[in-house]
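# Geometric and topological summary
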Amino acid sequence: MKRYGCVGKKLTHSFSKEIHGKLADYPYELIELDEDGVAEFFAKKEFASVNVTIPYKQTVIPYLDEISEIANRIGAVNTVVNRGGRLYGYNTDYHGMKALIGRLGVELRGKKVLILGTGGTSKTARVVAADLGASAIQTVGRRKKEGCITYQEATSLHRDANFIINTTP
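First things first, this report covers the structure right here in the doc. Since this is a predicted model, take the numbers as computed values, not measurements. (Residues numbered from 1 in each chain as written. Predicted model: local features only at pLDDT ≥ 70, side-chain atom pairs only at ≥ 80, totals over all residues. Heavy atoms only, no water.)

## Remarks on the pattern of salt bridges
- On inspection of all chains with the given rule, the structure shows nine salt bridges.
- A salt bridge links Arg86 to Glu66; the nearest nitrogen and oxygen atoms lie 3.1 Å apart. Note that Arg86 is positioned in strand E6 (residues 86–90) and Glu66 in strand E4 (residues 66–67), a separation of 20 residues in sequence.
- On the basis of relative accessible area, Arg86 is assigned to the partly exposed category, the value being 37%.
- Glu69 serves as the salt-bridge partner of Arg73, at 3.7 Å between the closest nitrogen and oxygen. Here the residue Arg73 and the residue Glu69 both occupy positions in helix H3 (residues 69–74), the gap between them amounting to four residues, near one helical turn.
- For Arg73, a relative accessible area of 39% translates into the label partly exposed. (Salt bridge = Lys/Arg side-chain N within 4 Å of Asp/Glu carboxyl O. Helix = DSSP H or I, 4+ residues; strand = E, 2+ residues; numbered from the N terminus. Buried < 20%, exposed > 50% of the residue type's maximum accessible area, 1.4 Å probe, protein only.)

The structure is reproduced here in structure tokens:
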């Protein structure tokens, strides 16, 4: 069983197949699933490893045997590895985002950060910003809801933000 791929609802935007084709020596497929197909796919466990994208980064968690400490803190998984029929969930976005911020020489400690978007990657950005010492973190979305302000509120109330992290699709 050497099946690798990316699981999501609509994957026409994804470059994952092309990227894996250039970097790896295994077949990699785009696996589009509707909400009803997620449970069946993960119950069958007919894959070695898959990436997970919109909108299933949180949906997959109940189907996993274990998740990493970072993925647990974030509440989102973007990589699932099948080890002998046990499914392990990780969030590799965390390490990538933290490394990118470090490489850019950006210092978030003591700074105000706005995070655009409310999906799984926004949750990752929130944990990364907190771990890097941001003093204030605000999530911005199209609709106001608990823990999230609107773009209009961000423009009028948070013009003093030092950094914006865009996690919109």
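Having seen the structure, we can now continue with the description.
## What about the sheet that holds strand E7 (residues 112–116)?
- Strand order in the open sheet made by the four strands is E9-E8-E7-E10, with parallel pairing throughout. The two strands at the open ends of the sheet, each matched to only one other strand, are strand E9 (148–150) and strand E10 (163–166). Each adjacent strand pair in this sheet contributes to an overall mean axis angle of 35 degrees, direction not counted.
- With four bridges joining them, E7 and E10 adopt parallel strand pairing. What sits directly across from Ile115, in E10, is Ile165.
- Packing against the sheet, helix H5 (residues 120–131) makes contact with E7, strand E8 (136–141) and E10, and its axis sits at approximately 170 degrees to E8. (Pairing = 2+ DSSP bridges. Axes fitted to C-alpha atoms, helices over the stretch in contact; angles between N-to-C directions. Contact = heavy atoms within 4.5 Å.)

## Focus: the packing of aromatic side chains
- This model, assessed by the stated rule, comprises five aromatic pairs.
- Taking the centre distance of 4.4 Å and the plane angle of 35 degrees together, the rings of Tyr4 and Tyr26 count as tilted. Here Tyr4, found in strand E1 (residues 4–8), pairs with Tyr26, found in the loop between helix H1 (16–23) and strand E2 (28–32); they are 22 residues apart in sequence, far enough to count as distant.
- Among the residues examined, Tyr4 registers a relative accessible area of 19% and is labelled buried.
- Tyr26 gets classed as partly exposed once you look at its relative accessible area, which sits at 29%.
- Ring centres 6.4 Å apart and planes at 10 degrees place the aromatic pair Phe42 and Tyr63 in the stacked group. Remark: Tyr63 occurs in the loop between strand E3 (49–52) and E4 and Phe42 occurs in helix H2 (residues 35–44); sequence separation between them is 21 residues.
- Each residue in the set Phe41, Phe42, Phe47 and Tyr63 is aromatic and connected to the rest through ring pairs, giving one cluster.
- The lysine or arginine in question, Arg83, covers the ring of Tyr88, its NZ or CZ lying 4.8 Å from the ring centre. (Phe/Tyr/Trp six-rings, centres within 6.5 Å; stacked < 30°, edge-to-face > 60°. Lys NZ or Arg CZ within 6 Å of the ring centre and 35° of its normal.)

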